[in-house]
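# Remarks on the overall topology
Listed here are the chains, written in short residue letters.
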Amino acid sequence: MGFTSKVHEYQILSAIEFTENEIGSVTDVDANDGDSGSKDVGITFSLASGGDNDLFAIDNSTGVLTFVSSPDYEVPTDANTDNYYEITVIATDSDGSTNKNITIAVTDANDAPQITSSATTDFAENGTYCFRCTINR
Ligand SMILES: [Ca+2]
Ligand SMILES: [Ca+2]
Ligand SMILES: [Ca+2]
Ligand SMILES: [Ca+2]
């Protein structure tokens, strides 16, 4: 089944940068169906399902796109773990829908160091003690 192109003037950058660890709006997708003149009026936004799409949420009336949980540059969760999250936004009005592929590039931030050693350790009395403390940056 094809789709009709009744939603016009789909306005969005095709590649968006987003800094890791942040929450909030990735972008505000705008669409105009040409019927009423104002952006987003009469449009319902949604995401395709599967793949990287499942890591995002979109407000169905405003088109504001967010990560479900804030991304970690060092631990990418996109399908091929390259920190480029590829999604498909769908704008629908009463006449049909149109799709737009969007790539979100997660960029590196300087994380606070994390101590990854275990929080507790055993120590036998009269023993020689060695404790390795590992710090990841
Ligand atoms: Ca919008
Ligand atoms: Ca990180
Ligand atoms: Ca990717
Ligand atoms: Ca980092």
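In short, a report on the structure. Note that the structure is predicted; figures quoted are calculated from it, not measured.

### Some remarks on the sheet that holds strand 6 (residues 56–58)
Here we have 3 strands laid out as an open sheet, ordered 3-7-6, and antiparallel in their pairing. Two strands in the sheet have a free side with no partner beyond their single neighbour: strand 3 (25–28) and strand 6. Direction aside, neighbouring strands of the sheet carry axes that sit 20° apart on average. Examined bridge by bridge, strand 6 and strand 7 (residues 64–67) share 3 bridges and lie antiparallel to one another. Within strand 7, the position partnered with Ala-57 by the bridge is Thr-66.

### A word on the sheet that holds strand 8 (residues 84–93)
As summarised here, the arrangement of the 4 strands in space is 2-9-8-5, forming an open sheet in which the pairing is mixed. Among the strands making up the open sheet, the edge pair consists of strand 2 (15–19) and strand 5 (44–47). Adjacent strand axes in the sheet meet at a mean angle of 35° when their direction is disregarded.

### Quick notes on the environment of Ala-79
Within the element layout of this structure, Ala-79 appears in the loop between strand 7 and strand 8. Residue class for Ala-79 comes out partly exposed when judged on the 15 C-beta atoms lying within 10 Å of it. Excluding anything up to four places from it in sequence, Ala-79 contacts Gly-51 and Asp-52.

### Some thoughts on the environment of Thr-44
Topologically, Thr-44 is positioned in strand 5. Accessibility expressed as a C-beta count within 10 Å gives 17 for Thr-44, which makes it partly exposed. Apart from residues lying up to four places away in sequence, Thr-44 is in contact with Asn-60 and Thr-92.

### Some points on the nonpolar core
Among the nonpolar cores identified, the biggest contains 16 residues, and Val-26, Val-29, Phe-45, Val-89, Ala-91 and Ile-104 are the most heavily contacted of them. Taken together, the elements giving at least two residues each to this core come down to strand 7, strand 8 and strand 9 (96–107).

Thresholds applied
Once a new chain begins, its residue numbering starts again from 1 and follows that chain's sequence as written. Chains and ligands are labelled by the order in which they are written, letters from A for the one and numbers from 1 for the other. In keeping with the model being predicted, local features are shown solely for residues with a pLDDT of at least 70 and side-chain atom pairs are shown and tallied solely at 80 or more, while totals for entire chains, interfaces and linings include all residues. Any two strands with at least two DSSP-identified bridges between them are counted as paired. Helix and strand assignments follow DSSP, with helices taken as H or I runs no shorter than four residues and strands as E runs no shorter than two, numbered in order from the N terminus. Fitted lines through C-alpha atoms serve as axes, helices being fitted only where they are in contact, and the angles separating the N-to-C directions of these axes extend from 0 to 180 degrees. Residues are called buried when their C-beta atom has 20 or more other C-beta atoms within 10 Å, exposed when it has 12 or fewer, and partly exposed otherwise; all C-beta atoms are positioned from the backbone. C-beta atoms are first placed from the backbone for all residues, and any pair lying within 7 Å is then listed as a contact. To form a nonpolar core, buried Ala, Val, Leu, Ile, Met, Phe, Trp, Tyr and Cys residues must be joined through C-beta atoms within 7 Å.

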